[in-house]
Amino acid sequence: MKKVQHYINGQFIDSECGEFFDNFNPATAELIAKVAQGREPEVDAAVAAAKAALTGEWGQMKLNDRIALMYEIANEMDRRFDDFLEAECLDTGKPYSIARHIDIPRGAANFKVFADTMKSVADEAYRMDTPDGKIAMNYSMRQPKGVIGVISPWNLPLLLMTWKVGPALACGNTVVVKPSQVTPTTTSLLGEVMTKVGLPKGAYNVVQGRGSITGNLLTAHQDIDALTFTGETKTGETIMKACSNGVRDISLELGGKNPAIIFEDCDMDKAIFETARSVFANSGQVCLGTERVYVQRPIFDEFVSRLKDAGQKLKVGVHNDESVDMGPVVSAAHRDKVLEFYDIAKKEGANVILGGGAPKMEGALKDGFWVEPTIWTGLPETATVVKEEVFGPCCHIAPFDTEEEVIKMANDTKYGLASTVFTENLDKAHRVASKIDSGIVWVNSWFLRDLRTPFGGMKGSGIGREGGHHSLEFYTELKNICIKM
Ligand code: NAD
């Protein structure tokens, strides 16, 4: 049986207590690995290694050498592309067709982009007059923040973990990563990459384990200087409280309940194509995905019928079948949660346009964690599945009449992560985009990501922005030095 271990101070190790937990293939529910359960000794050892590395070989490395090493990491990930692809798809159940184009290349790109960002960082300088008639020069320089705790989710495990590890290392910090307990493998593979390229020991550490145990220990550890987290809003609240102890900085990328606004003057083919992707891609387990669709009344019936067609055409199946569009959801617990939302939607009076349950799968796949692509209409805006994040392949579609009305509906949520607007009227696109309370607005598109742009959520969707030079705000301390001439 495959073992997934911790990676601490450049070594793969089991837990001191010898404890492991099970990891399953979401498509078959088969046991695929035993994962080490990290506890206090492992968290302490990883944080101590990370702290020591700040003043060791890693901390003393010149910027150009660090940048070269970031490129080496990305290149080695590219060389081991197939290993990363198989590990990620087996842990998550997502098809090759998604991970090959998104998760794995983006994982490697996250090291190159932030290496490039560091190459072009300028220090600020301000000259001032002094009271005695002379001058003083101020310059502000960035220095690493220290040991960064990285806690990542299961939906895009490699992509979201490297989105944090890439800039953290590029800025000269060290990291202790705790991946989701259901998708541990690619953090471990990245440990192999770090060993291969000769990253100094202690710069990259991984402690495997459950959030309630390992996650809690990591967030409480006072030698963690700052913590970056992606996951549910409720967990974010817990982490924020833990980090208030010791006044440690946090970056939170949290949940969403993202709206799509479809105006009657849209290009209908484009609106259907992009909305089908944003609802069903990765079995709906994308934080930026759409779960609320608002369609202007004259095109409502046509839109519902065409999105239903698009959902019906999706081929659901196992990750290594190249023709598959959608895999299972990640775990039995998440399948149960999504199916409970499907039941609640029915009880609250939804018209089930598509799906609404679990598909019948055959043979080896019959025990996997499957849910159907699902579309509802007819619910009030107060309904549970219109308010709460389901994180499954589903959406509710509601009609609207005016621009003012739909902006109000779109903003009537505790979240503010992403949104989409479909219209061929340029004025309207700018007007509406400026009035929606979300960190990202896509016009006539979805999931176009330029890694230099600010990424993050408003309201309950998070705190802070990462991406390009915005990541420097979190991963570095800005220090002002004032010299009297
Ligand atoms: P989750 O909050 O359950 O878990 C995320 C991570 O936190 C895991 O590693 C988990 O083990 C850990 N954790 C859980 N409890 C903890 C605790 N008390 N202390 C410390 N760590 C703890 O989230 P999930 O179910 O893995 O991911 C799905 C959620 O993530 C959805 O809400 C989704 O919207 C959100 N998400 C947001 C973004 C974004 O960029 N805003 C991106 C992807 C996913």
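With an unreviewed UniProt entry as reference, the protein chain is termed 2-hydroxymuconic semialdehyde dehydrogenase, source organism Poseidonibacter ostreae. Quoted verbatim from the Sequence similarities (unreviewed entry) field of UniProt, the annotation for the protein chain is "Belongs to the aldehyde dehydrogenase family."

> Hey, could you go over the packing of aromatic side chains for me, with residue numbers and the actual values?
On inspection of all chains with the given rule, the structure shows nine aromatic pairs. Ring centres of phenylalanine 114 and tryptophan 163 lie 5.7 Å apart, and the angle between their planes is 65°; this geometry places the pair in the edge-to-face category. You can see phenylalanine 114 sitting in helix α6 (residues 103–119) and its partner tryptophan 163 sitting in helix α7 (residues 157–170), a full 49 residues away along the chain. Residue classification places phenylalanine 114 among the buried residues on the basis of a relative accessible area of 2%. Chaining the aromatic ring pairs together yields one cluster made of Tyr7, Phe12 and Tyr204. It is arginine 210 that lies over the ring of phenylalanine 21; its NZ or CZ is 4.6 Å from the centre. The ring of tryptophan 163 carries arginine 449 above its face, with NZ or CZ at 5.3 Å from the centroid.

> Describe in detail the packing of helix α3 (residues 63–79) against α7, supporting the description with residues and values.
At a closest axis distance of 10 Å, the pairing of α3 and α7 adopts a crossing angle of 160°. What the angle tells us is that α3 and α7 run roughly antiparallel. You can see that α3 and α7 cross each other, and the crossing is right-handed. When α3 is examined against α7, the residues Arg66, Met70 and Met77 are found in contact with a partner set consisting of Leu158, Thr162, Gly166, Leu169 and Ala170. Among the residues forming the contact of α3 with α7, the class breakdown is five nonpolar, two polar and one charged.

> Pulling in residues and values, what's your account of the sheet that holds strand β16 (residues 374–377)?
Read from one edge of the open sheet, seven strands run β15-β16-β17-β14-β13-β18-β19, paired in mixed fashion. In this open sheet, the two edge strands, each paired with only one partner strand, are β15 (351–354) and β19 (440–443). Mean inter-strand twist for the sheet, computed between neighbouring axes without regard to direction, equals 25°. In this structure, strand β18 (residues 418–422) lies alongside β19, joined through four bridges in parallel fashion. Along β19, the bridge assignment pairs valine 421 with valine 443. Relative to the sheet, helix α12 (residues 300–312) contacts β13 (258–262), β14 (290–296), β15, β16 and β17 (394–400), its axis offset from that of β17 by approximately 170°. Across the sheet, helix α15 (residues 403–411) lies against β13, β14 and β17, angled at about 170° from β14, the strand it touches most.

> Describe in detail the site of the ligand, supporting the description with residues and values.
Surveying the vicinity of the ligand reveals 29 residues, the closest of which are Ser152, Gln181, Thr235, Leu254 and Glu389. Here an oxygen atom of the ligand and a side-chain polar atom of lysine 178 are 2.9 Å apart. In the environment of the ligand, an oxygen atom lies 2.9 Å from a nitrogen or oxygen atom belonging to the backbone of glutamate 232. Starting from 850 Å² of accessible surface for the ligand in isolation, the protein chains cover 91%.

Parameters and conventions
Residues numbered from 1 in each chain as written. Predicted model: local features only at pLDDT ≥ 70, side-chain atom pairs only at ≥ 80, totals over all residues. Heavy atoms only, no water. UniProt positions renumbered as here; feature names shortened; annotations may be inferred. Phe/Tyr/Trp six-rings, centres within 6.5 Å; stacked < 30°, edge-to-face > 60°. Helix = DSSP H or I, 4+ residues; strand = E, 2+ residues; numbered from the N terminus. Buried < 20%, exposed > 50% of the residue type's maximum accessible area, 1.4 Å probe, protein only. Lys NZ or Arg CZ within 6 Å of the ring centre and 35° of its normal. Axes fitted to C-alpha atoms, helices over the stretch in contact; angles between N-to-C directions. Parallel < 35°, antiparallel > 145°, perpendicular 65-115°, else oblique. Left-handed = near helix turned anticlockwise from the far one by under 90°. Contact = heavy atoms within 4.5 Å. Nonpolar A, V, L, I, M, F, W, Y, C, P; charged D, E, K, R; others polar. Pairing = 2+ DSSP bridges. Near = heavy atom within 4 Å. Polar contact = N/O pair within 3.5 Å; in protein donor to acceptor, adjacent residues only side chain to side chain. Areas by Shrake-Rupley, 256 points an atom, 1.4 Å probe, with all protein chains shown as cover.

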